[in-house]
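Reading the structure
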Amino acid sequence: MQAPGAGSASVVSLVLLWLLGLPWTWSAAAALGVYVGGGGWRFLRIVCKTARRDLFGLFVLIRVRLELRRHQRARHTIPRIFQVVARRQPDRLALVDAGSDVCWTFAQLDAYSNAVANLFCQLGFASGDVVAIFLEGRPEFVGLWLGLAKVGVEAALLNVNLRREPLAFCLGTSGAKALIFGGELAAAVAEVSGQLGKSLVKFCSGELGPEGILPDTQLLDPLLKEASTAPLAQPPDKGMDDRLFYIYTSGTTGLPKAAIVVHSRYYRIAAFGHHAYSMQVADVLYDCLPLYHTAGNIMGVGQCLIYGLTVVLRKKFSASRFWDDCVKYNCTLETASFRLRSQAAQLQIKLCCLSALVQVVQYIGEICRYLLKQPVREAEGRHRVRLAVGNGLRPNIWEEFTERFGVRQIGEFYGATECNCSIANMDGKVGSCGFNSRILPHVYPIRLVKVNEDTMELLRDAQGLCIPCQAGEPGLLVGQINQQDPLRRFDGYISESATSKKIAHSVFRKGDSAYLSGDVLVMDELGYMYFRDRGGDTFRWRGENVSTTEVESVLSRLLGQTDVAVYGVAVPGVEGKAGMAAIADPHGQLSPNALYQELQKVLAPYARPIFLRLLPQVDTTGTFKIQKTRLQHEGFDPRQTSDRLFFLDLKQGHYLPLDQGVYTRICSGAFAL
């Protein structure tokens, strides 16, 4: 395939022919013939099919870059940008808690965060200190980290699902001087209180649980009521490149790592989403994602803090309530508990809400599949949602989702909290998580490079550089690092060793540095990219690479969108890893052999799972990513679990119950795999 930019060959041919004295028209015709004969027509086809997409992408890139440059020059921060928004529209709804119908205006959010800033300043916390937040997703969560940022304190946003060792680990690695936890999580804090150290100051926000107040814990709400709600007299000297807070990775393959989020990264992620999907200030965004992760707290809440949109929060995704919420918050919100100082302000907000529609929803991981599993309900036809933004929508249910729910645009994107190679699907290409221009590939220097898919080791050419993938070849997504460019910088993690593992050198050219995403993608001829697998999830069996996401997708579809985790397990004396599928079967009704009959029709022999594990439910992270670490560790050993296990006997052509005797025979090589 001819590389983009090969059109310059026709120009060279034209010049050479002109110098030879041939008439211009004949020269042009000859040059065109040389160009087309050399495959240049493919490049012309790419230009025709992608120019509009690429120009819009370039417009978004330039707009975000200009906005960032303006804020960098002015030494702005996220709190300062928010304060400008709050002063412009103080009585507009900022955050709505769908669980309690409590609404916060921009003025209220500003006042609450000012109280947090003044309180922690009075308590002696200074710029650069770290405070951990362990709180369910509600408006106070946003007000707390925003208020801490106003005084220069960096928040460590803890996953509310953490317990015991992982919770203590995350608190310890954050270097936090204080912990703010919700009353609903007091029991989890009590479990690790002995490991936290006496110097850690603890604050409880919200109503206390049945455990009551924990020892050495202060109630935060009374302290905030006494604090000043005026802006700080002397804000910290911070800029866009300074640290804002820490977000922990999901921990699907080990203990979580604390990724550093600077102010410019927060702005960049929110701004890209805003401009790429043409969001408007009048839009209402429904955010049912965890606020301790990037999608919910930056892509979602960032639309409120930076651009002034109203964001409806629900602390936990509910498939049965999702469309009902979208319909409910189309209305005037008259049932909401407006905590305002004047009736005139209440009336103004209600009038504003008459035109407020939930037009944007967020999804992540398996949310769309969970929604499709729900029975058809009346609310599906009454919502006004035009855009669903997120990542992880499986290609096999993409069109089914849009057709059933009438959502006109899917804003699928690829990215991670710390990465510098985010991409976005801006034109609705089914199945694609984004694109990179084939016409102007150097405008946004990202690339797919060849790797050993078993070890994820980079493959290099004779010059020691990474080998770019051609269209259709799977490869690791990498992004060239430039710390002076907010769109290309990589800030890494609190752990320096974890940071160094994500950086490679001499990737694009000698001596450069690049971020390693850890994810395998495929790019087609037009530059559209498709997610293939999380690094480490691909395994090799019978000389073939098996994509776990592809097998999961097939199994889930055959089983009516059931939760499925697919992974490779080592078998003694056998090369590669055998496929194993953990399937949610809470009622014990799944027939392994009926499933195998269907698998024979849709999966290649090497991709069919050798082992099945039927369990009540498949563990997921807070962002609905399947957790496989424990499952992989336990493997197919019946001593490790009480779940039902099955083994595919290829000679008999069906699954056998896997007990200790069968396990022993497999390990001894008695069964042919």
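This text follows the structure it describes.
Now for a description of the structure that goes with this document. Because the structure is a prediction, the values reported are computed rather than measured.

So, how was this worked out
- Residues numbered from 1 in each chain as written.
- Predicted model: local features only at pLDDT ≥ 70, side-chain atom pairs only at ≥ 80, totals over all residues.
- Heavy atoms only, no water.
- Helix = DSSP H or I, 4+ residues; strand = E, 2+ residues; numbered from the N terminus.
- Buried < 20%, exposed > 50% of the residue type's maximum accessible area, 1.4 Å probe, protein only.
- Contact = heavy atoms within 4.5 Å.
- Areas by Shrake-Rupley, 256 points an atom, 1.4 Å probe, with all protein chains shown as cover.
- Core = buried A, V, L, I, M, F, W, Y, C linked by side-chain atoms within 4.5 Å.
- Pairing = 2+ DSSP bridges.
- Axes fitted to C-alpha atoms, helices over the stretch in contact; angles between N-to-C directions.
- Phe/Tyr/Trp six-rings, centres within 6.5 Å; stacked < 30°, edge-to-face > 60°.
- Arc of directions from axis to C-beta.

1. Thoughts on the overall build of the protein chain
Helix and strand content of the protein chain: 20 helices and 31 strands. Burial status across the protein chain gives 57% buried among its 673 residues. Within the protein chain, counting contacts between residues at least 6 apart in sequence, those at least 24 apart form 70% of the total. Of the roughly 28,600 Å² of accessible surface on the protein chain, a fraction of 53% belongs to carbon and sulfur atoms.

2. Points about the nonpolar core
In this structure, Phe 120, Trp 145, Phe 245, Tyr 266 and Leu 305 are the most contacted members of the largest nonpolar core, which totals 128 residues. For this core, the leading source of residues is helix 5 (residues 106-122), giving 8 residues. The next biggest cluster of nonpolar side chains, apart from the first, holds 43 residues, and it includes Trp 541, Val 564, Leu 658 and Ile 666.

3. Side note on the sheet that holds strand 31 (residues 654-657)
On the basis of which strands lie adjacent, the open sheet formed by 5 strands has the order 27-28-29-30-31 and mixed pairing. Of all strands in the sheet, those bounded by a partner on one side alone are strand 27 (564-569) and strand 31. Between one strand and the next, the sheet's axes are offset by a mean angle of 25 degrees, whatever the strand orientation. Pairing analysis gives 6 bridges linking strand 27 to strand 28 (residues 578-584), with the strands arranged antiparallel. From the neighbouring strand, Val 566 faces strand 28, where its bridge partner is Ala 581. Its contacts with the sheet put helix 17 (residues 548-558) on strand 27 and strand 28, and the angle it makes with strand 27 is roughly 140 degrees.

4. Examining the sheet that holds strand 8 (residues 243-248)
What the 7 strands build is an open sheet, ordered 7-6-5-3-4-8-9; its pairing is mixed. Edge positions in the sheet fall to strand 7 (217-219) and strand 9 (258-262), since each of these pairs with one other strand and no more. Recorded for the sheet is a direction-independent mean angle of 25 degrees between the axes of neighbouring strands. Bridge count for strand 3 (residues 130-134) against strand 4 (residues 154-157) is 4 bridges, and the pairing is parallel. Bridge assignment links Val 131 to a residue of strand 4, and that residue is Ala 155. The strands that helix 6 (residues 139-150) touches are strand 3, strand 4, strand 5 (178-182) and strand 8; relative to strand 3, the one it contacts most, it runs at about 175 degrees. Each of strand 8 and strand 9 touches helix 10 (residues 263-276); the most contacted strand, strand 9, lies at about 85 degrees to it.

5. Side note on the packing of aromatic side chains
One pass over the structure, following the stated rule, counts 22 aromatic pairs. Ring plane angle 85 degrees and centroid distance 5.0 Å describe the contact between Trp 145 and Phe 245, whose orientation is recorded as edge-to-face. In this pair, Trp 145 sits in helix 6 while Phe 245 sits in strand 8, placing the two residues 100 residues apart along the sequence. Both rings, one in Tyr 267 and one in Tyr 307, keep their centres 6.4 Å apart while their planes meet at 50 degrees; by these two values the pair is tilted.

6. A look at helix 7 (residues 164-174)
If you check which residues of helix 7 are buried, you get Leu 167, Ala 168, Cys 170, Leu 171 and Ser 174. All buried residues of helix 7 project into a common sector of 160 degrees when viewed along the axis, lining one side. Opposite its buried face, helix 7 presents the exposed residues Glu 165 and Gly 172, each directed more than 90 degrees away. Where helix 7 is buried, its residues contact strand 3, strand 4, strand 5, helix 8 (186-192) and strand 8. Immediately beyond the C-terminal end of helix 7, within one or two residues, lies Gly 175, with a positive phi of roughly 70 degrees.

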